[in-house]
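Here is what each chain is made of, one letter per residue.
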Amino acid sequence: MFETNGQFSVTELSKQNNINRRQLTRKFSSTIGLSPKQLSKTIRIQNTLKTLLNKDVPSLTDLAYENEYFDQAHFIKDFKEFTGLTPKEFYGDHLKMSLIFDGKK
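Everything numeric in this text was worked out from a predicted model, so none of it was measured.

## A closer look at the pattern of salt bridges
Within this structure, the stated rule accounts for three salt bridges. Its salt-bridge partner being Asp-78, residue Lys-41 comes within 3.7 Å of it at the nearest N-O pair. You can see Lys-41 sitting in helix H3 (residues 36-54) and its partner Asp-78 sitting in helix H5 (residues 72-83), a full 37 residues away along the chain. Of the residues examined, Lys-41 reaches a relative accessible area of 25% and is grouped as partly exposed. The salt bridge partner of Glu-81 is Lys-41, with a shortest N-O separation of 2.7 Å.

## Quick notes on the packing of aromatic side chains
Applying the stated criterion across every chain yields a total of two aromatic pairs. Ring centres of Phe-75 and Phe-79 lie 5.6 Å apart, and the angle between their planes is 65 degrees; this geometry places the pair in the edge-to-face category. With Phe-75 and Phe-79 both in helix H5 and four residues apart, this pair spans about one turn of that helix. For Phe-75, a relative accessible area of 1% puts it in the buried group. A connected cluster of aromatic rings, assembled from ring pairs, spans Tyr-69, Phe-75 and Phe-79. Above the face of the Tyr-69 ring, Arg-44 is positioned so that its terminal group lies 4.3 Å from the ring centre.

## So, the packing of H3 against H5
Relative to each other, H3 and H5 sit at 95 degrees, their axes nearing to 10 Å. Judged by the inter-axis angle, H3 sits roughly perpendicular to H5. Taken together, the residues of H5 that come into contact with H3 (itself represented by Lys-41, Thr-42, Arg-44, Ile-45, Thr-48, Leu-49 and Leu-52) are His-74, Phe-75, Lys-77, Asp-78, Phe-79, Glu-81, Phe-82 and Thr-83. For the contact of H3 with H5, the class distribution of residues is six nonpolar, four polar and five charged.

## Things to note about unusual backbone geometry
Peptide bonds are, in most cases, trans, and in most cases residues other than glycine have a negative phi. Positive phi is not limited to glycine here, since Asn-18 has a value of about 50 degrees. Judged by its relative accessible area of 74%, Asn-18 falls in the exposed class. Its identity as a non-glycine residue notwithstanding, Glu-68 has a phi of 65 degrees, on the positive side. Structurally, Glu-68 is set in the loop between helix H4 (60-66) and H5. Under the relative-accessibility criterion, Glu-68 is labelled partly exposed at 45%.

The rules behind each value
Residues numbered from 1 in each chain as written. Predicted model: local features only at pLDDT ≥ 70, side-chain atom pairs only at ≥ 80, totals over all residues. Heavy atoms only, no water. Salt bridge = Lys/Arg side-chain N within 4 Å of Asp/Glu carboxyl O. Helix = DSSP H or I, 4+ residues; strand = E, 2+ residues; numbered from the N terminus. Buried < 20%, exposed > 50% of the residue type's maximum accessible area, 1.4 Å probe, protein only. Phe/Tyr/Trp six-rings, centres within 6.5 Å; stacked < 30°, edge-to-face > 60°. Lys NZ or Arg CZ within 6 Å of the ring centre and 35° of its normal. Axes fitted to C-alpha atoms, helices over the stretch in contact; angles between N-to-C directions. Parallel < 35°, antiparallel > 145°, perpendicular 65-115°, else oblique. Contact = heavy atoms within 4.5 Å. Nonpolar A, V, L, I, M, F, W, Y, C, P; charged D, E, K, R; others polar.

So yeah, pure geometry; function would need other evidence.
Structure, rendered in structure tokens:
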């Protein structure tokens, strides 16, 4: 999951582990507290935030596509779910604040 930036098929993962999809979801939830899809979204948004903090991003659209979001609406929805802000809101003063805590100037 980490190697693919959160991009994986739950169905494929269940086949590889010879377990049905519902059982896999239950085991994930009981073991780590998240469903496979929730973990996938978490990994993807973490990578997106790292990109935002560590790279010069020409546009938020480029950021979305670089992190393998299918479209901008999907990117904005996931981003807001985790941060409480739209990418545009986050990219302003909040990015500068994040850099302070990241130890960069």
